[in-house]
Amino acid sequence: MNKNSRILIHGAGVAGLACAIWLGRNGFRPVVVEKSPQIRADGGFIICLSGTSYRFADELGMLDALNARDSDIHASSYHNRSGSTLMQLDYQYLFDGVDFLQISRDEIENVLYSYAQDCAEYRFSLSIEKILRNDSNSVEVQFTDGSIEEFDLLIGADGLHSRVRKLAFDEAEIKQHHLGMQVAAYKLDDVIGLKNKFEYHMEKDRYMVLYSCRDGQLGCVFVWRANESYPPTATQRWDYLNGYFKDAGPLARKVLDNYPDTSPMYMDPLLQVEMRRWHSGRVVVIGDAAHCMTLLSGQGASSAFSDASYLCRALINESPEQAFSTLEQTMRPSITQMQESTRKAANWYIPGNRVRQLIRDTGMRLMPTDYFKGYFKKKYMKI
Ligand SMILES: Cc1cc2nc3c(=O)[nH]c(=O)nc-3n(C[C@H](O)[C@H](O)[C@H](O)COP(=O)(O)OP(=O)(O)OC[C@H]3O[C@@H](n4cnc5c(N)ncnc54)[C@H](O)[C@@H]3O)c2cc1C
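Residues numbered from 1 in each chain as written. Predicted model: local features only at pLDDT ≥ 70, side-chain atom pairs only at ≥ 80, totals over all residues.

**A few points about the overall build of the protein**
Test applied: Under the scheme used here, helices are H or I runs from DSSP no shorter than 4 residues and strands are E runs no shorter than 2 residues, and both carry numbers assigned from the N terminus. Radius of gyration here is computed from C-alpha atoms only, and the compact-globule reference equals 2.2 Å multiplied by the residue count raised to the power 0.38.
If you tally the helices and strands in the protein, you get 13 helices and 18 strands. Relative to its length of 383 residues, the protein is compact, with a C-alpha radius of gyration of 21 Å against a globular reference of 21 Å.

Structure (structure tokens):
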């Protein structure tokens, strides 16, 4: 693609900022549009970069900065409702030799932005309102402030509820697979004194995971069965979450009752996005916008980063059409496989009936640790 091309990146998340770095460093003229007033600092949940995305981060010279903010979590433990331990995992042993780092979402965004800042023009508090034209040469868009502009390419990196996906693709091309669950995440003062670990509390219809954050706070994620396709408004979230965990054990109650009003609460349904193709004319979608796998895959951020890297590296030497096909060929097989395995895993995270819960809990008690060593290596060396 012509190096001087103007490329609109919609969304300044993991995928969007990675695109800005690759494109800006290679002579393109990226413009990043983000609906939030600044780089989003909510969602203190932990994400990971592993395998291919870890190596791309290395190629971009960011690995030291990312590793310096590694969440330093060395272990996980799994417990049933009464608190007894089902399984314990030692991450230092299990991830030995695997390219893998864990970092909170706000910290990875800050690191990426520190590298991406000079690579692109940024426009915050702005979104695309309409796509006025999209043909084989360029795309014309109208922004929410009423301005109209033409770009050589539009990259939709705007996450699960992507506006670009909605505007540029027919509904018939998009399948949203609702796993029938919701997730909430927030941070609070560490009211339980957790050190360098994940602690999972697993029940039949819900689970909670607590983890220690680098800033000394406690991170918590709740997942439960619910069918709504959109989260409630920010002010209704705690009441809604509280309703589903009203009769939870004392630990969950402590974490809920100490929810600080000042901490933003992330909440969303677990939706997988499947698309027949990820491009249309001069528009391409990547990351969660193209193929959200949900947090249960543990690889959403990795795949967003890899998508951005494969696409933008290909744009340096190939036409947009060739680059779209490079992206599809390299990423789609693994994405399809991970979406399938995540759907199966969902039933073990939240079994929904006593029999499956018993099988899961017994399996966790009996599973040899070395099984996970092979499993993690295979899973996290790929994307
Ligand atoms: C609780 C939780 C735990 C997770 N754990 C893991 C994990 O362990 N490992 C892992 O790899 N992944 C994990 N994930 C998934 C991971 O966070 C996502 O897959 C990843 O952030 C996707 O990156 P993205 O850039 O595609 O989208 P996002 O990070 O969602 O970024 C999209 C950006 O676009 C912006 N945007 C949205 N709409 C518009 C609009 N209309 N106009 C302009 N801008 C817009 C948003 O504000 C945001 O900045 C987890 C997710 C959750 C919720």
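**Describing the packing of helix α10 (residues 300–317) against helix α11 (residues 320–349)**
To characterise two packed helices, one gives the angle between the axes of the helices and the distance between these axes. The cut-off we apply is this: In this analysis an axis means a line fitted to C-alpha atoms, helices contributing only their contacting stretch, and an angle means the value between N-to-C directions, from 0 to 180 degrees. Angles are sorted into four bins: roughly parallel if under 35 degrees, roughly antiparallel if over 145, roughly perpendicular if 65 to 115, and oblique for all others. Left-handed describes a crossing whose near helix is turned anticlockwise from the far helix by less than a right angle; the clockwise case is right-handed. A pair of residues counts as a contact when their C-beta atoms, built from backbone coordinates, are separated by no more than 7 Å. Only Asp, Glu, Lys and Arg are considered charged, only Ala, Val, Leu, Ile, Met, Phe, Trp, Tyr, Cys and Pro nonpolar, and every remaining residue, Gly among them, polar.
Following both chains from N to C, one finds α10 and α11 inclined at 150°, their axes separated by 8 Å at the closest point. By the angle class used here, α10 and α11 are roughly antiparallel. Crossing of α10 against α11: the hand is right-handed. Facing α10, whose interface residues are Ser303, Ser306, Asp307, Tyr310, Leu311, Ala314 and Leu315, α11 presents Pro320, Gln322, Ala323, Thr326, Leu327, Thr330, Met331 and Ile335. For the contact of α10 with α11, the class distribution of residues is 9 nonpolar, 5 polar and 1 charged.

**Remarks on the sheet that holds strand β5 (residues 85–90)**
Let me state the cut-off plainly: Strand pairing is defined by DSSP finding a minimum of two bridges between the two strands.
A sheet is described by the order of its strands in space; here 7 strands give the open sequence β5-β4-β13-β14-β15-β12-β16, paired in mixed fashion. Of all strands in the sheet, those bounded by a partner on one side alone are β5 and β16 (266–275). Put simply, the sheet's adjacent strands are angled 20° from each other on average, direction ignored.

**Re the nonpolar core**
As a reminder of what qualifies: Here, a nonpolar core denotes buried Ala, Val, Leu, Ile, Met, Phe, Trp, Tyr and Cys residues that are linked to one another through C-beta atoms within 7 Å. Counting other C-beta atoms within 10 Å of each residue's C-beta, where C-beta atoms are placed from the backbone, gives the exposure class: buried for 20 or more, exposed for 12 or fewer, partly exposed between.
The biggest cluster of nonpolar side chains holds 105 residues, and the ones touching the most others in it are Ala18, Cys19, Ala20, Ile286, Phe305 and Ala308. A per-element tally of this core places helix α1 (residues 14–25) first, with 9 residues. In this structure, Ala18 is in contact with Leu112, Phe305, Ala308 and Ser309, ignoring residues within four places of it in sequence.

**A word on the sheet that holds strand β8 (residues 128–134)**
One open sheet holds the 3 strands; their spatial order is β8-β9-β10, and the pairing between them is antiparallel. Each end of this open sheet is capped by a strand with a single partner; those strands are β8 and β10 (148–151). Between one strand axis and the next, the sheet turns through 25° on average, direction left out of account. Relative to strand β9 (residues 139–143), β8 runs antiparallel, the two being bridged by 5 bridges. Across the sheet, residue Asn134 finds its bridge partner in β9, namely Val139.

**A few points about the environment of Ser212**
Locating Ser212 in the fold gives a position in strand β14 (residues 206–212). In the structure, Ser212 is positioned 17 residues away from Lys195 in sequence and 5.8 Å away in space, judged by C-alpha atoms. Filtering out sequence-adjacent residues up to four positions away, Ser212 remains in contact with Ile73, Asp190, Leu194, Lys195, Asn196, Lys197 and Leu218.

**Let's talk about unusual backbone geometry**
The phi torsion at Ser125 lies on the positive side, around 55°, for a residue other than glycine. In this structure, Asn196 is a non-glycine residue whose phi angle is positive, near 50°.

**Some points on the environment of Trp238**
By secondary structure assignment, the location of Trp238 is in helix α7 (residues 237–244). Placed 176 residues apart in sequence, Trp238 and Met62 show a C-alpha to C-alpha distance of 36 Å. In contact with Trp238, not counting residues within four places along its chain, are Tyr259 and Met265.

**Things to note about the packing of helix α2 (residues 51–59) against α10**
One can describe the packing of α2 onto α10 by two numbers: an axis separation of 8 Å at closest approach and a directional angle of 55°. As the angle between them shows, α2 and α10 are arranged oblique. Our pair here, α2 against α10, has a crossing hand that is left-handed. Where α2 approaches α10, its residues Gly51, Thr52, Ser53, Phe56 and Ala57 are matched on the opposing element by Ser302, Phe305, Ser306 and Ser309. The class makeup of the residues in the contact of α2 with α10 is 3 nonpolar, 6 polar and no charged.

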